[in-house]
Amino acid sequence: MVNLTRIYTRTGDQGQTRLANNESVPKTDPRLSAYGTVDEANSALGWALAVPDIDPGMADVLTRVQNDLFDAGADLATPLDASSDRPALRVEQAWVDRLEDWCDTFGEDLPSLRSFLLPGGTELSARLNIVRTIVRRAEREAWAAGEETSVNPLALQYLNRLSDLLFILGRHANRLAGVDEVLWVPAGDHA
């Protein structure tokens, strides 16, 4: 466990920060953008979980995802070649598999799509779609970081599958509430 005795440290006041392996990098480093956006997604997920009367099964999954996202952020904050006294926290294949299992479970009873969906419906679905788009951005930023430094490819897969799960859970939330999905009508009658 981490012991935080003081929240402010003043160590970043000059535009530098430290990765998990204690390497000093500028705050504009692409790796920081990636794990910062993972943190943003985690915060938005907390906002989604704050919706009253959330389905307990969905809440359990999303709470597990929140913990996994914290770990994924730690993974992105640690270069693959980092040396340390203890092993680095890394996203593992089992995490990706678990997301795929949840996608299958929650998507099993959903109708097939004939078009893209407009985000919305219930408050929970709308919030999950916001989290989904933040996770998509985190994935893009993690790929960009990977172009400059070493990034765990399973962390990239995890973010990709997580955005899929969030899309499915948004649909599931609407279905539980009996709210119809709104299909995108390309260049059609929008009235």
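Refer to the structure presented above.
Residues numbered from 1 in each chain as written. Predicted model: local features only at pLDDT ≥ 70, side-chain atom pairs only at ≥ 80, totals over all residues. Heavy atoms only, no water.

S.K.: Explanation requested: the overall build of the protein chain in the structure shown.
M.R.: Summing up its helical and strand segments, the protein chain has 5 helices and 2 strands in all. Reading the protein chain from its N end, one meets helices and strands in the order β-β-α-α-α-α-α. Among the 191 residues that make up the protein chain, the fraction classed as buried is 40%. Partitioning the contacts of the protein chain with sequence separation of at least 6, the portion at a separation of at least 24 is 77%. Of the roughly 11,300 Å² of accessible surface on the protein chain, 51% is carried by carbon and sulfur atoms. (Helix = DSSP H or I, 4+ residues; strand = E, 2+ residues; numbered from the N terminus. Buried < 20%, exposed > 50% of the residue type's maximum accessible area, 1.4 Å probe, protein only. Contact = heavy atoms within 4.5 Å. Areas by Shrake-Rupley, 256 points an atom, 1.4 Å probe, with all protein chains shown as cover.)

S.K.: Would you explain the nonpolar core in this entry?
M.R.: Side chains of a nonpolar character, in soluble globular proteins, are inclined to be buried together. V65, L69, L128, Y158, L162 and L165 are the most contacted members of the largest nonpolar core, which totals 45 residues. Residue assignment for this core shows that the elements contributing at least two residues are α1 (30–49), α2 (56–76), α3 (93–107), α4 (123–148) and α5 (153–177). For this core, the leading source of residues is α5, giving 11 residues. What L69 contacts, discounting residues up to four positions off in sequence, is V38, A41, N42, L45, Y158, L159 and L162. (Core = buried A, V, L, I, M, F, W, Y, C linked by side-chain atoms within 4.5 Å.)

S.K.: For this particular structure, what's the right way to read the side chain of E139?
M.R.: Note on placement: E139 falls in helix α4. Ignoring anything within four residues of it in the chain, the contact list for E139 reads L156, L159 and N160.

S.K.: Teacher, can you tell me more about the packing of aromatic side chains here?
M.R.: Two numbers describe a pair of aromatic rings. These are the distance of the centres and the angle of the planes. By the definition in use, this model includes 2 aromatic pairs. A centroid spacing of 5.8 Å and a plane angle of 50° characterise the contact between F116 and W184, whose relative ring orientation is tilted. Note that F116 is positioned in the loop between α3 and α4 and W184 in the segment after α5, a separation of 68 residues in sequence. Residue class for W184 comes out partly exposed when judged on its relative accessible area of 39%. (Phe/Tyr/Trp six-rings, centres within 6.5 Å; stacked < 30°, edge-to-face > 60°.)

S.K.: Sorry, what's going on with the pattern of salt bridges here?
M.R.: Side chains bearing opposite charge may pair, as long as their charged atoms lie close to each other. In this structure the tally under the stated criterion is 9 salt bridges. Across the salt bridge formed by D68 and R98, the nearest N and O atoms sit 2.7 Å from each other. Placement of D68 in helix α2 and of R98 in helix α3 is noted, with a sequence separation of 30 residues between them. For D68, a relative accessible area of 3% corresponds to the buried category. (Salt bridge = Lys/Arg side-chain N within 4 Å of Asp/Glu carboxyl O.)

S.K.: I tried to follow α3 on my own but got confused; where do I start?
M.R.: Residues three or four positions apart in an α-helix share a direction because the helix packs 3.6 residues into each turn. Between its first and last C-alpha, α3 extends 21 Å over 15 residues, near the 21 Å set by a 1.5 Å rise per residue. Those residues of α3 that fall on the buried side of the exposure criterion are W95, V96, R98, L99, W102, C103 and F106. On an axial view of α3, the arc spanned by its buried residues comes to 155°, and they lie on one face. Opposite its buried face, α3 presents the exposed residues D104 and T105, each directed more than 90 degrees away. (Expected span 1.5 Å × (residues − 1). Arc of directions from axis to C-beta.)

S.K.: Would you mind going over the layout of surface pockets with me for this structure?
M.R.: Which parts of space are left empty comes out when a probe the size of a water molecule is rolled across the atoms. Roughly 290 Å³ of internal volume is contained in the second largest pocket. What lines the second largest pocket is a set of 19 residues, among which L117, P119, N129, R132 and F167 lie closest to the centre. Among the elements of the structure, α4 and α5 are those that each provide at least two residues to the lining of the second largest pocket. Element by element, the count of residues in the lining of the second largest pocket is highest for α5, at 5 residues. When the residues that make up the lining of the second largest pocket are grouped by side-chain class, the tally is 7 nonpolar, 6 polar and 6 charged. (1 Å grid on protein atoms, 1.4 Å probe; cavity = no way out; pocket = protein on both sides within 12 Å on 5 of 7 lines; lining within 4 Å. Points joined across faces, edges and corners; volume = space filled by probe spheres on them. Nonpolar A, V, L, I, M, F, W, Y, C, P; charged D, E, K, R; others polar.)

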